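# Coordinate analysis (summary)
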Amino acid sequence: MSKAMARERRTPLPAEPDDPISERVREVVTAFRSERGPLLPALHAVQEEFGCVDEVAVQVIADVFNLSRAEVHGVVTFYRDFSSCPRGRSVVRICRAEACQSMGSESLVEHATKRLGVAIGETASDRSVTLEQVFCLGNCALSPAVMVDGEVVGRVSPERFDSLISGLAPASAPPVTGSAR
């Protein structure tokens, strides 16, 4: 371990010890300390409870597992399941891998951005929906594929897309800028 990493591990958390959010993150994460390979399950639990793994959560998780913040942040930003800012109540992912591209996913992305009023990587300002891209949903034979709230759907045309997202369309407010990740 480098001296810089060791120094970072000793850096105290900026949050107050009695901060209710930090304390709740600590409770959630501590439940995984006895497990083998606890970081991913703990991150999933924090993502589930808080809707994201923000910088405060990263600091608490690093402290609980005696990791550097950089190590935890690296895992959060590597996996698409985790987001550092809250996503919408619904998450729509469009596959842009080669098989889906060959079957029209790029025009589907264009349709989706117009229909939802957000660009790839954005969340509607009312937090109703987040639009993301992925590079394989494992449904290549049924391209183009879309995932809506965890459910993979194949052979998605613009009309089918509209049907899938009916009721999810955001209000006519500007999107929240920045990455949904």
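Conventions used here
Residues numbered from 1 in each chain as written. Predicted model: local features only at pLDDT ≥ 70, side-chain atom pairs only at ≥ 80, totals over all residues. Heavy atoms only, no water. Helix = DSSP H or I, 4+ residues; strand = E, 2+ residues; numbered from the N terminus. Buried < 20%, exposed > 50% of the residue type's maximum accessible area, 1.4 Å probe, protein only. Contact = heavy atoms within 4.5 Å. Areas by Shrake-Rupley, 256 points an atom, 1.4 Å probe, with all protein chains shown as cover. Pairing = 2+ DSSP bridges. Axes fitted to C-alpha atoms, helices over the stretch in contact; angles between N-to-C directions. pLDDT = per-residue confidence, 0-100. Parallel < 35°, antiparallel > 145°, perpendicular 65-115°, else oblique. Left-handed = near helix turned anticlockwise from the far one by under 90°. Nonpolar A, V, L, I, M, F, W, Y, C, P; charged D, E, K, R; others polar.

Glancing now at the overall build of the chain. Check the secondary structure of the chain and you find eight helices and five strands. Looking at the chain as a whole, 39% of its 181 residues are labelled buried. Sequence-distant contacts in the chain: of pairs separated by 6 or more residues, those separated by 24 or more amount to 66%. Of the roughly 9700 Å² of accessible surface on the chain, 53% is carried by carbon and sulfur atoms.

On to the sheet that holds strand β1 (residues 90-95). Sheets are built from strands paired through backbone hydrogen bonds, the pairs being either parallel or antiparallel. Within the open sheet, the five strands sit side by side as β2-β3-β1-β4-β5. Their pairing is mixed. Each of the sheet's edge strands pairs with one partner strand only, and the pair in question is β2 (122-123) and β5 (151-153). Lying on the sheet, helix α7 (residues 105-116) is in contact with β1, β3 (129-134) and β4 (146-148); it crosses β1 at an angle near 155°. Its contacts with the sheet place helix α8 (residues 158-165) against β1, β4 and β5, and it is angled at close to 160° to β1.

Turning to the confidence of the model for the chain, a few remarks are in order. Here the chain shows a mean pLDDT of 87. Residues at 70 or above account for 83%. The low-confidence segment residues 1-14, where pLDDT is below 50, has 17 contacts with residues more than four positions distant or belonging to other chains.

Our focus in this paragraph is the packing of helix α4 (residues 55-65) against helix α5 (residues 69-78). Taken N-terminus to C-terminus, the directions of α4 and α5 make an angle of 125°; their axes are 8 Å apart at the nearest point. Here α4 lies oblique to α5, going by the angle between them. The hand of the α4/α5 crossing is right-handed. Residue-level inspection shows E55, V58, Q59, I61 and A62 of α4 in contact with α5, the latter providing R69, V72, H73 and V76.

This next bit is on the packing of α7 against α8. Packing of α7 against α8 leaves a shortest axis separation of 10 Å and a crossing angle of 40°. Compared by their axis directions, α7 and α8 come out oblique. Along this stretch, α7 crosses α8, giving a crossing that reads as right-handed. Contacts between α7 and α8 involve L108, H111, A112, R115 and L116 from the former and P158, F161, D162 and I165 from the latter. Here the contact of α7 with α8 is built from residues that sort into six nonpolar, one polar and two charged.

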